[in-house]
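Here is what each chain is made of, one letter per residue.
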Amino acid sequence: MGPLDLNLLVTFDAVMAERNLRRAADRLGRSQPAVSHAVARLRDLTGDRLFEKVPTGVEPTARAEMLWEQVRDPLRTIAQALDHRGFEPGEVQGELVLGLSDDVHDLCFADIVARIRVTAPGLAVRVVETDHGTVWDQVGSGAVDLAVTVAGPPPRGMAANVIGEQRFVILHRSDQMPPATLERYLAATHVAIGFADRSAGYTDERLTAMGQARAIVAWTPRFAAIPDLVRRTGALATMPGPVARAYGNNGLAVATVPFDLQPVPVRLCWHQRRRTDPLNEWARDVLAAAVT
């Protein structure tokens, strides 16, 4: 194989990031036919199709995913070495995609955007819903640049910082006595946060480990819906303290959970391939300051 045109890898990187030839062309300031030609040349060099057409654009093959893992960080390093100006947030033009759990979104998203607007007004922010069950797939696929949720420890190839913790409380109607014992807690009815994959949340995992179960009359993926459910049904909601206090008013009160329910870590998550990306590093600091 002769000398490799580095521009082919730059084009490949853009297509992998965008999953769409037109958007990749816009990102590079090139025409779509030029991008298609570069992809065709790379196909010849690698002996692999690299991308398959889908309704939304293209999806990478396994060979393309492996190649991206190998070239993404070196490309960023080269770009940084050639850029003598350093990273200037005020000069950034583009989009930052964040994966935020429902509670983090409602409590912190406005602050995140406000902080970004101060130093990077050319950067638009888009949110993708995430939770502990979906976050690592979203980070790994590149669907999000960063994510904040109560994720478990990062799997291989991923990275995370613990930036806080969730301590749980009971949200209940103020005209009803909260349960002072586990037995009374289990005898009550409950409303709870539910996830798309129907997996149990932390509270129910803990109860199962204790050989117990609670009676849940309603599940919802929205924390904002919980207070009205509690008011109308008289059920209890076990939820993070900051969320309960933010939403809990007009006849609602907060009480202590009557069994051992340890706080869970809130993690800021990203892919290792982006660990030295200046924009990603800067955005990590912004999110950590806004969420903690």
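Our subject is the structure listed above.
Our subject in this report is the structure included herewith. This is a predicted model, so every value here is computed, not measured.

## Focus: the packing of aromatic side chains
- Applying the stated criterion across every chain yields a total of 3 aromatic pairs.
- Each ring, one from Phe-12 and one from Phe-51, has its centre 5.9 Å from the other, and the planes form 50 degrees; the classification is tilted. Of this pair, Phe-12 sits in helix H1 (residues 6–18) while Phe-51 is found in strand S1 (residues 51–54), placing the two residues 39 residues apart along the sequence. In this pair, the class of Phe-12 matches that of Phe-51, namely buried.
- In this structure, Arg-284 is placed above the aromatic ring of Trp-270, and the distance from its NZ or CZ to the ring centre is 4.3 Å.

## As for the nonpolar core
- Counting residues in each nonpolar core, the largest one holds 25 residues, and the members touching the most others are Ile-112, Ile-116, Leu-123, Val-148 and Trp-282.
- Counting residues per element, the ones that place at least two in this core are strand S3 (94–100), helix H5 (102–119), strand S5 (146–149), strand S6 (158–166), strand S12 (264–271) and helix H11 (278–291).
- Of all the elements, H11 adds the most residues to this core, at 7 residues.
- Once residues within four sequence positions are removed from consideration, Ile-116 is found in contact with Leu-96, Pro-121, Leu-123, Val-125, Trp-282 and Val-286.
- Counting 20 residues, the second largest nonpolar core, distinct from the first, contains Leu-9, Ala-24, Val-39 and Trp-68.

## Remarks on the pattern of salt bridges
- The tally for this structure, following the rule as stated, stands at 18 salt bridges.
- The partner of Arg-206 in a salt bridge is Asp-260, and the shortest N-O contact between them spans 3.7 Å. Remark: Asp-260 occurs in the loop between strand S11 (252–255) and S12 and Arg-206 occurs in helix H8 (residues 202–209); sequence separation between them is 54 residues.
- A relative accessible area of 27% means that Arg-206 is categorised as partly exposed.
- With relative accessibility at 41%, the residue Asp-260 sits in the partly exposed group.
- Among the ionic contacts, a cluster of salt bridges with common partners joins Glu-18, Arg-23 and Arg-27.

## What about the environment of Arg-19?
- Within the fold, Arg-19 resides in the loop between H1 and helix H2 (21–28).
- Arg-19 sits in the buried class, given a relative accessible area of 14%.
- Along the primary structure Arg-19 and Leu-268 are separated by 249 residues, whereas in three dimensions their C-alpha atoms are 24 Å apart.
- In contact with Arg-19, other than residues within four places in its own chain, are Thr-56, Gly-57, Val-58, Glu-59, Pro-60, Glu-65, Trp-68 and Ser-141.

## Remarks on the sheet that holds strand S4 (residues 123–129)
- As summarised here, the arrangement of the 5 strands in space is S4-S3-S5-S12-S6, forming an open sheet in which the pairing is mixed. If you trace the sheet from one side to the other, it starts and ends with S4 and S6, each paired once. Geometrically, the sheet is characterised by an average inter-axis angle of 20 degrees between neighbouring strands, direction not taken into account.
- Two elements, S3 and S4, share 7 bridges in a ladder whose sense is parallel. If you follow Glu-95 over to S4, its bridge partner there is Ala-124.
- The strands touched by H11 within the sheet are S3, S4, S5, S6 and S12, with S5 carrying the most contacts at an inclination of about 20 degrees.

## Points about the sheet that holds strand S10 (residues 236–240)
- The strand order S9-S8-S10-S7-S11 describes an open sheet built from 5 strands, whose pairing is mixed. Of all the strands in the sheet, just strand S9 (215–220) and S11 have a single pairing partner and so form its edges. In this sheet, neighbouring strand axes are inclined to one another by 30 degrees on average, regardless of whether the strands run parallel or antiparallel.
- Of the pairings in the sheet, the one linking strand S8 (residues 189–193) to S10 comprises 2 bridges and is parallel in character. Across the sheet, His-190 pairs through a bridge with Leu-236, a residue of S10.

Quick notes on the rules
Residues numbered from 1 in each chain as written. Predicted model: local features only at pLDDT ≥ 70, side-chain atom pairs only at ≥ 80, totals over all residues. Heavy atoms only, no water. Phe/Tyr/Trp six-rings, centres within 6.5 Å; stacked < 30°, edge-to-face > 60°. Helix = DSSP H or I, 4+ residues; strand = E, 2+ residues; numbered from the N terminus. Buried < 20%, exposed > 50% of the residue type's maximum accessible area, 1.4 Å probe, protein only. Lys NZ or Arg CZ within 6 Å of the ring centre and 35° of its normal. Core = buried A, V, L, I, M, F, W, Y, C linked by side-chain atoms within 4.5 Å. Contact = heavy atoms within 4.5 Å. Salt bridge = Lys/Arg side-chain N within 4 Å of Asp/Glu carboxyl O. Pairing = 2+ DSSP bridges. Axes fitted to C-alpha atoms, helices over the stretch in contact; angles between N-to-C directions.

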